[in-house]
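Chain and residue survey
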Amino acid sequence: MNILEIIDKKRINQPLTKEEITYFIENYVNGNIKDYQASALLMAICINGMNEEETFNLCDAMLKSGEIVDLSYVNGITVDKHSSGGVSDTTSIALIPILACAGLCSVKMSGAGLGFTGGTTDKLASFQGIDLQISQDKIKEIIGKCGCIIVSQSQNLVPADKKLYALRDTSSTIQSIPLIATSIMSKKIASGNDIIFLDVKTGKGAFMENAQDAKVLAETLIKIGSKYNKKVATLISDMNEPLGNGIGCYLEILDAIDVLNGKPSRLYDLVKFMAVKIMVLSEQYSEESATQKFDEIIESRQGYQRLLSMVELLNGNIESIKTMQSLTPTTTIYAKYNGYVESINAKELGLLVCDMGGGRKELDDKIDHSVGVKILKHIGDKVQKNEPIALIYNTNQKLSENLVCDRLESAITITTKKVEPTLLIKEYKHN
Ligand code: URA
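Residues numbered from 1 in each chain as written. Predicted model: local features only at pLDDT ≥ 70, side-chain atom pairs only at ≥ 80, totals over all residues. Heavy atoms only, no water.

**Some details on the sheet that holds strand β1 (residues 79-83)**
- One open sheet accounts for 4 strands, arranged β1-β4-β5-β13; its pairing is mixed. Both outer strands of the open sheet, β1 and β13 (425-430), are each paired with one neighbouring strand and no more. The average undirected angle you get between the axes of adjacent strands in this sheet is 15°.
- Sheet topology places β1 next to strand β4 (residues 195-202); 5 bridges connect them, and they run parallel. Along β4, the bridge assignment pairs D80 with I196. (Pairing = 2+ DSSP bridges. Helix = DSSP H or I, 4+ residues; strand = E, 2+ residues; numbered from the N terminus. Axes fitted to C-alpha atoms, helices over the stretch in contact; angles between N-to-C directions.)

**Notes on helix α8 (residues 159-169)**
- Every buried residue belonging to α8 is among P159, A160, D161, L164, L167 and R168, and all of these are buried.
- On its buried side, α8 packs onto α2 (18-29), α3 (35-48), α4 (52-63) and α9 (177-190). (Buried < 20%, exposed > 50% of the residue type's maximum accessible area, 1.4 Å probe, protein only. Contact = heavy atoms within 4.5 Å.)

**Here we look at the nonpolar core**
- Core analysis: the largest hydrophobic core is formed by 148 residues, its most contacted members being F24, L124, M185, F294 and L408.
- Per-element accounting of this core gives the leading share, 10 residues, to helix α12 (residues 266-281).
- In contact with L408, other than residues within four places in its own chain, are I333, L349, L352, V373, A390, L391 and I392. (Core = buried A, V, L, I, M, F, W, Y, C linked by side-chain atoms within 4.5 Å.)

**Some remarks on the packing of aromatic side chains**
- Applying the stated criterion to the full structure yields 5 aromatic pairs.
- Both rings, one in Y268 and one in F294, keep their centres 5.8 Å apart while their planes meet at 75°; by these two values the pair is edge-to-face. Of this pair, Y268 sits in helix α12 while F294 sits in helix α13 (residues 287-299), placing them 26 residues apart in sequence.
- Residue F294 is classed as buried on the basis of its relative accessible area, which comes to 0%.
- Connected via pairs of aromatic rings, a cluster forms that spans F197, F273 and Y428.
- Above the face of the Y28 ring, K163 is positioned so that its terminal group lies 4.4 Å from the ring centre.
- When the ring centre of F56 is taken as origin, the NZ or CZ atom of K227, which lies over that ring, is 5.0 Å away. (Phe/Tyr/Trp six-rings, centres within 6.5 Å; stacked < 30°, edge-to-face > 60°. Lys NZ or Arg CZ within 6 Å of the ring centre and 35° of its normal.)

Below, the structure is given as structure tokens:
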């Protein structure tokens, strides 16, 4: 077999066999196939797509490139949740402790953020001293004590995706449904959980800008999961505007804590929707009893306590919350006239916070957890002239305050006509 023949075949839109796909993955991971050859093949896949069989074979070859986590030591059902990437999306940090309180265990392996989308492990690193790279034995010990854990992906979890994702990121080959689906599902299957809940983001702040593509991606994810006998659910949710209020690590942890303390928000609504659906998928709850359980966990603050326990077991200092809360804004942005919020450009705000030092452009960039912006209004909200609409936390002044103000102001548009709020949850399906 020869990589040039494989690239040629895909270039003229012929389907690849299982053997060809396996050959590509094995030889790319071991270095025999070079980045320039792999990126030519990835671009041909982006342009010509892959059929169902090719997509499954690619996922399977990627999955087999590394370890498959064995969670058989967990008593009961295990759950994984993943988002296709968005701005101010801190659902996992609130959701995972809530599920643990409902008796559903999660061993969630998360990646770092790249580009305009945030990463769960970066946000958790706001807790001073937290150790997110731990051994399987330590994971087992923490699961035994608190029933949930969020950690960094182990180095040996789908090494093929690590290499391919970095290459896709630098060769404009992210935007492909079979490549996104196989990247997500190979990691989810390898992580070993029973239920896989996937939040497919759609809108200007998501990889899938258009709703039809999001639908096809969701269907592809379910089809792959079904082949591995996993219970898979997909949600298509809005990412035109930021999901929560804060963008930046400290601010997003505070958003998650607000959810766990029962403060109403779009983020709260999404976490509640997911938690209830996952409880029902576990077949241990009805929709009604799941809703009741969720409310009980929030009212008793069990979910919040569980998050704190998890952070402490990971050696994180929970006193860091006080540092996060004591942050003061460097500038307040006011509405220039009366009206309604028409749009908030999530992608631009994600990029802005990244440029301020709160995100990563290269995988080894260091993050400043304290910088960020906080929006005080969402699409459809009424605003009065001179009312605060956003806050800037430009704590390190890496960008000038004026530039940050200009970029933030131009990312939010206000109109005099009434605007309807965006529909947060667009579609929910499971196998
Ligand atoms: N998230 C992933 O894990 N992979 C992709 O390709 C896109 C989003």
